[in-house]
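Commentary on secondary and tertiary structure
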Amino acid sequence: MRKALSAILATVAAGWMAVSLVIVLAAYVSASGHSSGSAASSTTTSSTTTSTAADELRLGYFANVTHASAVVGVAHGDFAKALGSTKLTTQLYNAGPAEMTALLGGQLDAAYVGPSSALSAFVTSHGQALRIVAGATTGGAELVVKPSIGSAADLKGKVLATPQKGNTQDVALRYWLKQNGLTANADGTGDVSVDPQDNATTLDQFKAGHIDGAWLPEPWASRMVLEAGAKVLVDERSLWPNGQFATTNLVVSTTFLNAHPDTVKALIDGQIAANQWITADPADAQKLVNDQLKALTGKALSAAEIQRAFTEQQVTDDPNASTLQASSDHAVAVSLLKKTDLHGIFDLTLLNTELAKDGLATASDGGLAAK
């Protein structure tokens, strides 16, 4: 099965399409799943009474400021301390769709990812593959464009980039264009051509004048502004009540969650510790994240870029669950997702238990826990 799964994953590596998730899902459903030491069960964490620590936890995340919880959790040692004897293995990704393909294919146990990508995997797997167990970041995404562009109307005939088709910023851009009377078809045609690509490529393409802007997470939006002279046309915070919306959440494979709730609890504990340190010591947190971005990508941000990126977002353990249905509706409206019942996508049992132990406010699941 592992050999068959590897072959399947190789066929979908060329791009993100809904059919690719279906193919990977077939392998996911038919395989027993990676459980790092014990068989999976069909129960949820609320009914699990015993568990063992996993031998290994395979975690995916991005080398982005919007993934500061993960970057700090790994580099500051918070995850390792909380996980104890469980080995932490990490893998970097550029965007959520590819990361969710890996999780569905059994290559990851947990991942930091945007809500749209998590939704796609949840819908494609008929609500079986994953659970959102915590938040990580709110804010930190902008539409940045050439200085000559002053309104949505000015974007007609222009080319804009996003990190990957179907990812959170891609959905946000396409939905915003639709709300402003502009078409952006999945094949790149329409009033505005949307060209999903690697974030580093986007920066180079903008500097060369080949694209007119992009909807990007931090630190890429800040790099576009400060390195390439772009201006902010839309700060996504302005589109949500109180400026709050989920940019990054922590998701876990349902198979792994059922088999190893103790390990998932430890991961959450590590994140809570990382976020508390980031909030209490932002200057050192910025330095650590910047050092890690250099180590992971080969390039550090300027002092102005890392400072700006941090001011555009906020780390949080709350997944802002109340905004998830809206995110789903937006993806449906631009034909990137089929409408589905989202009940069961959240399992905040472990998160709220650990938050309460630390005397912190618990998080709402927005009514989207399992019925």
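Since the structure is predicted, the reported quantities are computational estimates derived from the model, not experimental observations.

In terms of nonpolar packing, the biggest core is built from 69 residues, with L250, V251, V289 and I345 touching the most fellow members. Sorting elements by how many residues they give to this core places helix α11 (residues 261-280) first, with seven residues. Setting aside chain neighbours within four positions, we find V289 in contact with V65, A68, V71, V72, I306 and F310. Counting 17 residues, the second-largest nonpolar core is a separate cluster that includes I149, L173, L177 and V194.

If you check which residues of helix α14 (residues 324-333) are buried, you get L324, S327, S328, H330 and A331. Taken down its axis, α14 places every buried residue within 160 degrees of arc, on the same side. The secondary structure elements touched by the buried residues of α14 are α6 (115-124), β4 (130-139) and α7 (168-179). Two residues or fewer after α14 comes S335, characterised by a positive phi angle close to 60 degrees.

Ordered in space as β7-β6-β8-β5-β9, the five strands form an open sheet in which the pairing is mixed. Of all strands in the sheet, those with a lone pairing partner are β7 (193-196) and β9 (231-235), marking the two edges. Geometrically, the sheet is characterised by an average inter-axis angle of 25 degrees between neighbouring strands, direction not taken into account.

Quick look at the packing of aromatic side chains now. Per the stated rule, a full pass over the model turns up three aromatic pairs. For the ring pair F79 and Y112, a centre distance of 6.4 Å and an interplane angle of 15 degrees mean the geometry is stacked. With a gap of 33 residues between them, F79 in helix α4 (residues 78-83) and Y112 in strand β3 (residues 110-113) connect regions that are remote in the sequence. Neither F79 nor Y112 differs from the other in exposure class; each is buried. With a centroid separation of 5.7 Å and 15 degrees between ring planes, the pair formed by W240 and F245 is classed as stacked.

This part covers the sheet that holds strand β2 (residues 87-93). Pairing is mixed in the open sheet, where six strands are placed in the order β2-β1-β3-β10-β4-β11. Two strands bound the open sheet, and with one partner strand each, they are β2 and β11 (313-315). Put simply, the sheet's adjacent strands are angled 25 degrees from each other on average, direction ignored. Lying over the sheet, helix α3 (residues 68-75) contacts β1 (56-62), β2, β3, β4 and β11, oriented at roughly 135 degrees with respect to β1.

Let's shift gears to the environment of A266. As for its position among the elements, A266 is in helix α11. Classification of A266 as buried rests on a relative accessible area of 10%. Setting aside residues up to four positions removed in sequence, A266 forms contacts with A82 and L83.

Now for the confidence of the model for the protein. Regions with low pLDDT carry predicted coordinates that are not meant to be interpreted in detail. With 86% of its residues at a pLDDT of 70 or more, the protein has an overall mean of 88. Counting interchain partners and residues more than four positions distant, the pLDDT-below-50 stretch residues 1-49 has 85 contacts.

A few words now on unusual backbone geometry. Excluding glycine, residues mostly have negative phi values, and the peptide bonds linking residues are mostly trans. Here E218 and P219 are connected by a cis peptide whose omega angle stands at 15 degrees. The backbone phi angle of H126 is positive, close to 55 degrees, even though this residue is not glycine. You can call H126 exposed: its relative accessible area is 68%. Phi at S335 is positive, roughly 60 degrees, even though this residue is not glycine. With respect to the helices and strands, S335 occurs in the loop between α14 and α15 (349-357). Here S335 falls in the exposed class, since its relative accessible area comes to 65%.

Cut-off values and rules
Residues numbered from 1 in each chain as written. Predicted model: local features only at pLDDT ≥ 70, side-chain atom pairs only at ≥ 80, totals over all residues. Heavy atoms only, no water. Core = buried A, V, L, I, M, F, W, Y, C linked by side-chain atoms within 4.5 Å. Buried < 20%, exposed > 50% of the residue type's maximum accessible area, 1.4 Å probe, protein only. Helix = DSSP H or I, 4+ residues; strand = E, 2+ residues; numbered from the N terminus. Contact = heavy atoms within 4.5 Å. Arc of directions from axis to C-beta. Pairing = 2+ DSSP bridges. Axes fitted to C-alpha atoms, helices over the stretch in contact; angles between N-to-C directions. Phe/Tyr/Trp six-rings, centres within 6.5 Å; stacked < 30°, edge-to-face > 60°. pLDDT = per-residue confidence, 0-100.

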